[in-house]
Amino acid sequence: MTRYEEAKKRYAEFGIDTDAAIEKLKTVPVALHCWQGDDVGGFDSKDALSGGILTTGNYPGKATTPEQLMQDMDKAMSLCPGKKKLNLHASYAIFEDGEFADRDKLEPKHFKKWVEYAKARNMGIDFNPTFFSHPMVKDGLTLSSPDEEVRRFWINHGKACIRISQYFAEETGIPCVMNIWTGDGYKDIPADRMGPRMRYKESFEEILSEPHDPAMVKPCAESKVFGIGVESFTAGSAEFTLSFAATHPGCLPLMDNGHYHPQEYVSDKIPALLCFFPEIALHITRGVRWDSDHVVLLDDETKEMAKEVVRNNALDRVYMALDFFDASINRISAWTVGFRSWQKALLNAMCLPNELLKKLQDEGRFTELMVMQEEAKMLPFADVWEHYCETEGVTAGPKWFDEIKKYEDEVLSKRG
Ligand code: RNT
Ligand code: ZN
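Residues numbered from 1 in each chain as written. Chains lettered and ligands numbered in written order. Predicted model: local features only at pLDDT ≥ 70, side-chain atom pairs only at ≥ 80, totals over all residues. Heavy atoms only, no water.

Enquirer: When you look at the coordination of the zinc ion (ligand 2) in this model, what are you seeing that I'm missing?
Expert: Six octahedrally arranged donors around a metal ideally form angles of 90 or 180 degrees; four tetrahedrally arranged donors ideally form angles of 109.5 degrees. Surrounding the zinc ion (ligand 2) are the protein donor atoms Glu 222 (OE), Asp 256 (OD), His 283 (ND1) and Asp 323 (OD), which sit 2.1 to 2.2 Å from the metal. Relative to the metal, the six donor atoms surrounding the zinc ion (ligand 2) lie at angles of 72 to 175°, and the coordination shape comes out octahedral. Spacing between the donor residues of the zinc ion (ligand 2) along the chain follows E-x33-D-x26-H-x39-D. Note that Glu 222 is positioned in strand 6 (residues 217–222) and Asp 323 in the loop between strand 10 (318–322) and helix 10 (331–350), a separation of 101 residues in sequence. With respect to burial, Glu 222 and Asp 323 carry one shared label: buried. (Donors = N, O, S within 2.8 Å, 3.2 Å for Na, K, Ca; no water. Tetrahedral: all angles 85-135°; square planar, octahedral: opposite > 155°, others 65-115°. Helix = DSSP H or I, 4+ residues; strand = E, 2+ residues; numbered from the N terminus. Buried < 20%, exposed > 50% of the residue type's maximum accessible area, 1.4 Å probe, protein only.)

Enquirer: Just to check I follow, could you spell out the site of ligand 1 for this structure?
Expert: Every residue close to ligand 1 is listed here: Trp 35, Ile 53, His 89, Trp 181, Glu 222, Lys 224, Asp 256, His 259, His 283, Asp 291, Asp 323 and Phe 325. Interatomic distance of 2.7 Å between a side-chain N/O atom of His 89 and an oxygen atom of ligand 1. Within the side chain of His 259, a nitrogen or oxygen atom sits 2.9 Å from an oxygen atom of ligand 1. Compared with its free state, where it exposes 300 Å², ligand 1 has 99% of that area covered by protein. Spatially, ligand 1 is embedded in the largest cavity. (Near = heavy atom within 4 Å. Polar contact = N/O pair within 3.5 Å; in protein donor to acceptor, adjacent residues only side chain to side chain. Areas by Shrake-Rupley, 256 points an atom, 1.4 Å probe, with all protein chains shown as cover. 1 Å grid on protein atoms, 1.4 Å probe; cavity = no way out; pocket = protein on both sides within 12 Å on 5 of 7 lines; lining within 4 Å. Sits in = over half its atoms within 2 Å of the grid points.)

Enquirer: Would you mind showing me how to read the nonpolar core here?
Expert: Phe 111, Trp 114, Phe 127, Phe 168, Met 320, Trp 342 and Leu 347 are the most contacted members of the largest nonpolar core, which totals 116 residues. Beyond its immediate stretch of four places on either side in the chain, Met 320 contacts Val 28, Pro 29, Val 30, Ala 31, Leu 282, Ile 284, Val 309, Leu 315, Trp 342 and Leu 346. In terms of nonpolar packing, the next biggest core, distinct from the first, is built from six residues, Cys 220, Leu 252, Leu 254 and Tyr 319 among them. (Core = buried A, V, L, I, M, F, W, Y, C linked by side-chain atoms within 4.5 Å. Contact = heavy atoms within 4.5 Å.)

Enquirer: Please explain unusual backbone geometry as it appears in this structure.
Expert: The phi torsion of most residues other than glycine is negative, and most of the peptide bonds are trans. The backbone of Asn 122 sits at a positive phi, close to 55°, despite the residue not being glycine. Of note, Asn 122 is situated in the loop between helix 4 (112–120) and strand 3 (125–128). The backbone of Asp 293 shows a phi angle near 55°, a positive value even though the residue is not glycine. Structurally, the position occupied by Asp 293 is in the loop between strand 9 (280–284) and helix 9 (300–311).

Enquirer: So what exactly am I meant to see when it comes to empty space enclosed by the protein here?
Expert: It is the rolling of a water-molecule-sized probe over the atoms that shows where space remains empty. Evaluated as defined, the whole model comprises five cavities of 30 Å³ or more. Roughly 180 Å³ of volume is contained in the largest cavity. Around the largest cavity, the lining is made up of 18 residues, and of these Ile 53, His 89, Trp 181, Glu 222 and Asp 323 lie nearest the centre. Split by residue class, the lining of the largest cavity holds seven nonpolar, five polar and six charged. Taken as a whole, the second largest cavity holds about 70 Å³ of empty space. (Points joined across faces, edges and corners; volume = space filled by probe spheres on them. Nonpolar A, V, L, I, M, F, W, Y, C, P; charged D, E, K, R; others polar.)

Enquirer: Before we go on, may I ask you to explain the pattern of salt bridges in this structure?
Expert: Close approach of charged atoms allows side chains with opposite charge to pair. If you walk through the whole model with that rule in mind, you get 33 salt bridges. Notably, a salt bridge pairs Arg 3 with Glu 386, separated by 3.5 Å at the nearest N-O pair. Placement of Arg 3 in helix 1 (residues 3–13) and of Glu 386 in helix 13 (residues 381–391) is noted, with a sequence separation of 383 residues between them. The exposure class of Arg 3 is exposed, given its relative accessible area of 51%. Looking at Glu 386, the relative accessible area reads 29%, which means it is partly exposed. Measuring nitrogen to oxygen at the nearest pair gives 2.7 Å for the salt bridge that ties Arg 103 to Asp 44. One end of the pair, Arg 103, is in the loop between strand 2 (83–89) and helix 4; the other, Asp 44, is in the loop between strand 1 (29–33) and helix 3 (66–78), with 59 residues separating them in the sequence. With relative accessibility at 1%, the residue Arg 103 sits in the buried group. Among the charged side chains, a salt-bridge network with shared partners connects Glu 304, Lys 307, Glu 308 and Arg 311. (Salt bridge = Lys/Arg side-chain N within 4 Å of Asp/Glu carboxyl O.)

Enquirer: Is there a simple way to explain the side chain of Lys 269 in this structure?
Expert: Among the secondary structure elements, Lys 269 is positioned in helix 8 (residues 266–274). Judged by relative accessible area, Lys 269 falls into the buried class, the value being 19%. Residues in contact with Lys 269, not counting those within four places in the same chain, are Met 255, Tyr 260 and Glu 264.

Enquirer: Would you take a moment to explain the packing of helix 11 (residues 354–362) against helix 12 (residues 366–376) for this structure?
Expert: Describing two packed helices takes the angle between their axes plus the distance from one axis to the other. Where helix 11 contacts helix 12, the axes come no closer than 8 Å and their chain directions differ by 155°. Taken together, the axis directions place helix 11 and helix 12 in an arrangement best described as roughly antiparallel. Helix 12 is crossed by helix 11, and the crossing has left-handed handedness. The residues of helix 12 that touch helix 11, namely those facing Leu 356, Leu 357, Leu 360 and Gln 361, are Phe 366, Glu 368, Leu 369, Met 372 and Gln 373. Among the residues forming the contact of helix 11 with helix 12, the class breakdown is six nonpolar, two polar and one charged. (Axes fitted to C-alpha atoms, helices over the stretch in contact; angles between N-to-C directions. Parallel < 35°, antiparallel > 145°, perpendicular 65-115°, else oblique. Left-handed = near helix turned anticlockwise from the far one by under 90°.)

Enquirer: Looking at this model, I keep getting lost on the state of the cysteines. Mind explaining?
Expert: Here a disulfide denotes a covalent bond joining the sulfur atom of one cysteine to the sulfur atom of another. Evaluated as defined, the whole model comprises zero disulfides. Sulfur of Cys 80: no disulfide; nearest cysteine sulfur belongs to Cys 389 and is 9.1 Å away. Unpaired in this structure, Cys 351 has its nearest cysteine sulfur neighbour in Cys 389, at a distance of 13 Å. (Disulfide = S-S within 2.5 Å.)

Enquirer: How should helix 2 (residues 18–25) be read in this particular structure?
Expert: In an α-helix, one turn spans 3.6 residues, which is why side chains three or four residues apart end up on the same side. Along helix 2, the residues that are buried comprise Thr 18, Ala 21, Ile 22 and Leu 25. End-on, the buried residues of helix 2 take up no more than an arc of 95°, which puts them together on one face. Among the structural elements, helix 1, helix 10 and helix 13 are those in contact with the buried residues of helix 2. Regarding helix 2, its N-cap is Asp 17, as a side-chain oxygen of that residue lies 3.1 Å from the backbone nitrogen of Asp 19 further along. (Arc of directions from axis to C-beta.)

What follows is the structure in structure tokens.
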């Protein structure tokens with residue numbers, strides 16, 4: 001008997017069908033973010049990263065052209081099992097023959113190459129307007145700015161992005177999740193907290209008024225507690241974005257697990273939102289002491305988040321995207337570790353005796369619940385993971401890193 005066959009038997013004793021779990025996981029899309037590949041640089045502006053987000057590190061071999069970024073993403077994806085979706089930012093527009101369009105004038109044609117890339121790989125595309133790293137960010141503000149010219153510019157950017165999202169959805173035949181996040185806020189104590197939020201609300205509403213098919217374009221509102229340089233006030237706070245999504249049908253709330261106080265857990269918020277919203281979205285990241293966007297690992301909270309999606313039968317109601325950026329290590333390895341970690345978390349959640357555990361809870365058998373939760377942790381998960389990777393044609397163990405080393409030698413080290 002192979003190790004997988006033995007593992008399968010042990011899982012079956014808990015009433016778990018590992019074959020079914022693996023087959024299910026293969027159908028669940030997870031969005032891989034292009035911005036890990038170049039430290040959130042983008043192609044459209046030389047401006048430094050702004051908006052309260054920050055990358056640290058200077059690992060050699062960063063992608064600086066669309067071709068390099070695509071090549072690097074291909075490498076990472078070839079090392080990851082599971083169904084992928086491409087996650088783009090507007091700042092990754094590809095201009096040809098010396099043309100240029102500012103953010104408020106972006107058109108579908110500026111993303112044609114990305115559509116070709118995604119289609120050739122049978123992937124859908126998610127999208128993000130880029131409300132940072134641009135000279136029209138004035139005093140750190142975009143959609144909430146008191147300057148009408150600034151606000152108008154960014155509303156037009158948002159509308160352009162709805163049109164581009166519609167184009168992505170039509171071209172790929174797969175819904176496009178379009179996430180709105182702005183770093184709008186103040187470093188020090190504001191004198192007016194409601195004014196900026198009212199302006200943000202109106203701007204958001206104008207963006208959403210741009211025609212789109214709500215079945216194919218899914219606008220989201222991402223909240224945040226604070227950012228570097230905007231420590232005292234964030235316009236798009238948790239209450240603001242959640243209330244906005246709740247009162248604007250068709251708009252989804254997006255929770256990034258780096259965007260809350262450290263003792264708040266997104267795993268607990270997932271089922272809370274699922275009680276009210278038909279669909280929600282996630283940014284999966286790892287904050288170390290703050291919203292540091294470290295690479296996602298198979299840690300307790302990551303596992304707990306996956307459990308909430310899986311055991312509430314919400315895999316088709318939760319749009320999952322990775323959102324981290326580490327410039328201090330090999331970027332392709334960062335992508336790969338993060339994507340594989342979330343795959344592991346999902347598979348692990350699918351291989352737990354979820355129905356049995358729920359029953360124990362409802363029957364008040366809390367001693368047994370604790371015992372079973374702990375025993376379930378000792379099931380031979382590694383063997384199931386290995387088998388899943390094999391069926392997906394990727395390496396299960398650490399040997400995938402040999403591929404990274406080779407790529408670093410042959411490709412990355414040759415970049416200027
Ligand atoms: C920033 C938000 C946002 C960005 C990306 C690049 O704190 O998490 O989602 O990380 O849009
Ligand atoms: Zn995010």
